[in-house]
Amino acid sequence: MIRQLIRRILGAGSESAGKVKPKVYEKSAHGIALNDVSPNAMRVTQTLQDAGFKAFIVGGAVRDLLLGFRPKDFDVATNATPEEVKRLFRRAFIIGRRFQIVHVMFGQDLIEVTTFRGASTDEAPKDAHGRVLRDNTFGEQHEDAERRDFTVNAMYYDPAREQVLDYHGGMKDIRSKTLRIIGVPEARYREDPVRMLRVVRFAAKLGFAIAAPTRSPIKVMAPLINNVPAARVFDEMLKLLMSGHAMACLHQLRKQGLHHGLLPLLDVVLEQPLGERFVALALSNTDERVREGKPVSPGFLFASLLWHQVLERWNAYKAAGEAPIPALHLAADDVLDGQTEQLAIQRRIATDMRDIWAMQPRFERRIGKSPYKLLEHPRLRAGYDFLLLRCASGELDPEIGVWWTEFMAADGPEREALLSRKPAETDQTPNKRRRRRGGRGRGKADSEGSTELPVKGVLE
Ligand code: ATP
Ligand code: MG
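Remember, predicted model here, so these are calculated numbers, not experimental data. (Residues numbered from 1 in each chain as written. Chains lettered and ligands numbered in written order. Predicted model: local features only at pLDDT ≥ 70, side-chain atom pairs only at ≥ 80, totals over all residues. Heavy atoms only, no water.)

As enumerated under the stated definition, the model contains 14 aromatic pairs in all. Aromatic pair phenylalanine 56 and tyrosine 156: ring centres 5.8 Å apart, planes at 80°, arrangement edge-to-face. Of this pair, phenylalanine 56 sits in strand S2 (residues 55-58) while tyrosine 156 sits in strand S7 (residues 155-158), and the two are 100 residues apart along the sequence. Classification of tyrosine 156 as buried rests on a relative accessible area of 0%. (Phe/Tyr/Trp six-rings, centres within 6.5 Å; stacked < 30°, edge-to-face > 60°. Helix = DSSP H or I, 4+ residues; strand = E, 2+ residues; numbered from the N terminus. Buried < 20%, exposed > 50% of the residue type's maximum accessible area, 1.4 Å probe, protein only.)

Further remarks concern the site of ligand 1. The environment of ligand 1 is made up of 18 residues, and the closest members are Arg63, Asn153, Asp192, Arg195 and Arg201. Measuring from a nitrogen atom of ligand 1, one finds a side-chain N or O atom of aspartate 192 at 2.7 Å. In the environment of ligand 1, an oxygen atom lies 2.6 Å from a nitrogen or oxygen atom belonging to the side chain of arginine 201. Here ligand 1, which alone exposes 590 Å², has 85% of that area covered by the protein. Only helix H4 (60-67), helix H9 (194-206) and helix H12 (230-241) provide two or more residues apiece to the shell around ligand 1. Tallied by class, residues from the shell around ligand 1 come to one nonpolar, three polar and 14 charged. Three or more residues apiece are contributed to the shell around ligand 1 by two domains, here domain 1 (1-175) and domain 2 (177-258). (Near = heavy atom within 4 Å. Polar contact = N/O pair within 3.5 Å; in protein donor to acceptor, adjacent residues only side chain to side chain. Areas by Shrake-Rupley, 256 points an atom, 1.4 Å probe, with all protein chains shown as cover. Nonpolar A, V, L, I, M, F, W, Y, C, P; charged D, E, K, R; others polar. Domains from an automatic or database assignment.)

This next bit is on helix H16 (residues 298-305). The buried fraction of H16 amounts to eight of the eight residues, a majority that puts the element mostly inside the structure. Here H16 has its buried residues at Pro298, Gly299, Phe300, Leu301, Phe302, Ala303, Ser304 and Leu305.

What follows deals with the pattern of salt bridges. Applying the stated criterion to the full structure yields 19 salt bridges. In this structure, the salt-bridge partner of aspartate 173 is arginine 180, at a minimum N-O distance of 2.9 Å. Look at arginine 180 and you get partly exposed, because its relative accessible area is 21%. Its salt-bridge partner being arginine 390, residue glutamate 364 comes within 3.6 Å of it at the nearest N-O pair. Note that glutamate 364 is positioned in the loop between helix H19 (347-363) and helix H20 (370-375) and arginine 390 in helix H21 (residues 380-392), a separation of 26 residues in sequence. (Salt bridge = Lys/Arg side-chain N within 4 Å of Asp/Glu carboxyl O.)

Burial along S2 is two-sided: Ala55 and Ile57 facing one way and Phe56 and Val58 facing the other are all buried. Relative to strand S3 (residues 75-78), S2 is paired through four bridges, and the arrangement is antiparallel. Opposite phenylalanine 56, over in S3, you have alanine 77 as the bridge partner. As judged from the two bridges shared by S2 and S7, these two strands associate in the antiparallel manner. Residue pairing in the sheet places isoleucine 57 in a bridge with tyrosine 157 of S7. (Pairing = 2+ DSSP bridges.)

Taken over all residues, the pLDDT of the protein has a mean of 84, while the share at 70 or more is 82%. Considering only residues more than four positions removed or in separate chains, one finds that residues 425-460, a stretch of pLDDT under 50, has 61 contacts. (pLDDT = per-residue confidence, 0-100. Contact = heavy atoms within 4.5 Å.)

The backbone of glutamate 162 shows a phi angle near 55°, a positive value even though the residue is not glycine. Mapped onto the elements of the fold, glutamate 162 is located in the loop between S7 and strand S8 (163-166). Its identity as a non-glycine residue notwithstanding, lysine 177 has a phi of 55°, on the positive side.

It is at 11 Å that the axes of H12 and H16 come closest, and there the two elements cross at 95°. Between H12 and H16, the crossing angle belongs to the class labelled roughly perpendicular. Note on element contacts: H16 touches H12 through Pro298, Leu301, Phe302 and Leu305, opposite Phe234, Leu238 and Leu241. Split into classes, the residues belonging to the contact of H12 with H16 amount to seven nonpolar, no polar and no charged. (Axes fitted to C-alpha atoms, helices over the stretch in contact; angles between N-to-C directions. Parallel < 35°, antiparallel > 145°, perpendicular 65-115°, else oblique.)

With that settled, consider the sheet that holds S3. Taken in spatial order, the eight strands line up as S1-S8-S7-S2-S3-S6-S5-S4 in an open sheet, and their pairing is mixed. This sheet does not close on itself; its edge strands, each paired only once, are strand S1 (23-25) and strand S4 (92-96). In this sheet, neighbouring strand axes are inclined to one another by 30° on average, regardless of whether the strands run parallel or antiparallel. Pairing between S1 and S8: three bridges, direction antiparallel. Considered in S8, the bridge of tyrosine 25 is made with valine 164.

Structure follows, in structure tokens:
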């Protein structure tokens, strides 16, 4: 106990810190099959090694290979400088972000190559809260390992020797499914508060437990996220929401007290029954798509997360006498303006969100040429998927979703038949509010919304 305390005070950190010599695991111990490794990543490590440099696959790819998951991307770490790396490859670009890295391209495939970072951050420029602003010193491999975030993310795989180098007990933590930050947790979160979001994402995605010393400072330190540039928080939120485990991530965020300020009003949204159902449906759909390897649109995701805020304002503008379509645009402006300060939603994504929202009242106008015009909308599919969510969450009559499913699949005469089938419900001119007839017959689902739509319920 006392020894541990002294080590912490001296900044030596947890047992994982400060190892100069790694533990080496041979193939029989780590079990990674070369077949599962990206041939392009191997080409990069081989080329660097042939030129006399050290080169390893690092980070998430090694972690995922050890866990038997298919890595999302492959990163390489080397002792070659960015310039030296660039010279060895035909299509290589030095990218000057927070750390300078090299993008080596093979067709569409991108391998990120980073030079080993130095360990010392004492002299690095920091903001008033201790967040490291710039830190681009090169260093030894063991220093690079110490600079990484979690023990399971700090292993190096050499495909030529088929060895895994482990400086911080990552293999042990892989086996016990534990996320453990390297070094003194409080110091590491202060240096870069985004690490708190990363813990949550990895815990949810990998199904790992968070070691107590790694977990416990988060509640107190959570407000430090507010000092991180909004664009970086947005990037991390996007990773979190597109991890294939978005629901689990959001639950973890709440559990760790990290949701405040990330998605403003997320709390409020989740507390409204309709809002919660809507967000839950949207996220479980997204999770399913990600897991099936289908593309997911960030615009759709954020449009879903913020929809109930838009709805609220939309209703307020309509109640104040604004016509529905301009009212919706005003509501969208309000919500997007309110978000950009904290979350810096990229313009391209905001445009998608606006398109998806703006299409919604048009789905309710099922008369004349309106539905045909909507069929030509380039974002019809996203707007339609969004409509189905609204139906499935109980916000809209599910019949509208069913109608559109049929209308989109139908041919010319069938479409005409569908248009004439629902004269009463389709009377949705802006000046006339929708008429609800007494006995809403024709087998419609009731407002509690048991639905036959292809949206899977997650709350049941
Ligand atoms: P995935 O790509 O599956 O989301 P990853 O672990 O590969 O997970 P990346 O963001 O691609 O995550 O980062 C690659 C590696 O860089 C990490 O595994 C970690 O070693 C290191 N790293 C990334 N972000 C940080 C950070 N904020 N602090 C310290 N190390 C980091
Ligand atoms: Mg990665």
